[in-house]
Amino acid sequence: FPVTIRGDLSDVGTLEELQATKSALDSSGLQYYVTPGDHDLWDSRDKESDPPKNFVQVFGPAYQSFSYDMVRYILIYNSDNYLGLDGVQLKWVEDELSRAETEEAPKLTFVFAPTPLYHPSSDHVMGKVTPKLVSQAEHLATLFKRAGVDLVFSADTHYYSNVTEPKNECDMLTVGAVTSERNPQAPRFAFVS
């Protein structure tokens, strides 16, 4: 079964940190898919490079999709607190949603986003740093609801919660950190069956 990891694979996104995480994941024997979190962008941004540069160099694409056992998984890269999704990724998301609806007829479609699109009690959402990204988050929630996405998984809040975005009634689940560091709950992961 595939494991999806929604970012913050490092403290500040140095190549060394990301390579150490990749080495640990590779040696685990897990089939895993990752997207960068905001921490994974810091070193590249500090060096005035494309924010996901180090992440992409170590792990490959910052967003991707795959199918497994009649479930469509769409991993987006929305953790850039300043830029959000660019036009290329937004078009890719729209194409992936169309593909999930027509070509493969999955039983379920899940979206994985490092940063929550919405949360009723946390400010760790798209738009926390750049307010104009709130409208992009709302747009994504609208796209996901229209396409019949079954659940949007995210992280960054550092605790588990299951919420419904009120405007589109899009179901969202946040999962806390795997470690106890900076996590108000016990270490968390979600096993979906």
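So, here's what we can say about the structure. (Residues numbered from 1 in each chain as written. Predicted model: local features only at pLDDT ≥ 70, side-chain atom pairs only at ≥ 80, totals over all residues. Heavy atoms only, no water.)

### Some points on the pairing of strand β8 (residues 170-174)
Counting buried positions over the five residues of β8 gives four, a clear majority of the element. The sheet contact formed by strand β7 (residues 161-165) and β8 spans five bridges and is antiparallel. Its bridge partner being in β8, T164 is matched across the sheet by D171. Linking β7 to β8, which pair antiparallel, is a turn of four residues; within it E169 sits at a positive phi near 55 degrees. (Buried < 20%, exposed > 50% of the residue type's maximum accessible area, 1.4 Å probe, protein only. Helix = DSSP H or I, 4+ residues; strand = E, 2+ residues; numbered from the N terminus. Pairing = 2+ DSSP bridges.)

### Observations concerning the environment of H119
Counting through the fold element by element, H119 comes out in the loop between β5 (108-113) and α5 (133-146). Along the chain, H119 and M172 lie 53 residues apart, while their C-alpha atoms are 8.6 Å from each other. At 3.3 Å, the side chain of H119 and the backbone nitrogen of S122 are in polar contact. Side chain to side chain, H119 and S161 meet in a polar contact 2.8 Å long. (Polar contact = N/O pair within 3.5 Å; in protein donor to acceptor, adjacent residues only side chain to side chain.)

### A short note on helix α1 (residues 15-28)
For α1, which comprises 14 residues, the first-to-last C-alpha distance of 20 Å matches the rise-based estimate of 20 Å (1.5 Å per residue) to within 8%. The complete set of buried residues in α1 reads L18, T21 and L25. Angularly, the buried residues of α1 cover 65 degrees about the axis, an arc narrow enough to put them on a single face. Exposed positions of α1 whose direction lies more than 90 degrees from the buried face are E16 and S27. (Expected span 1.5 Å × (residues − 1). Arc of directions from axis to C-beta.)

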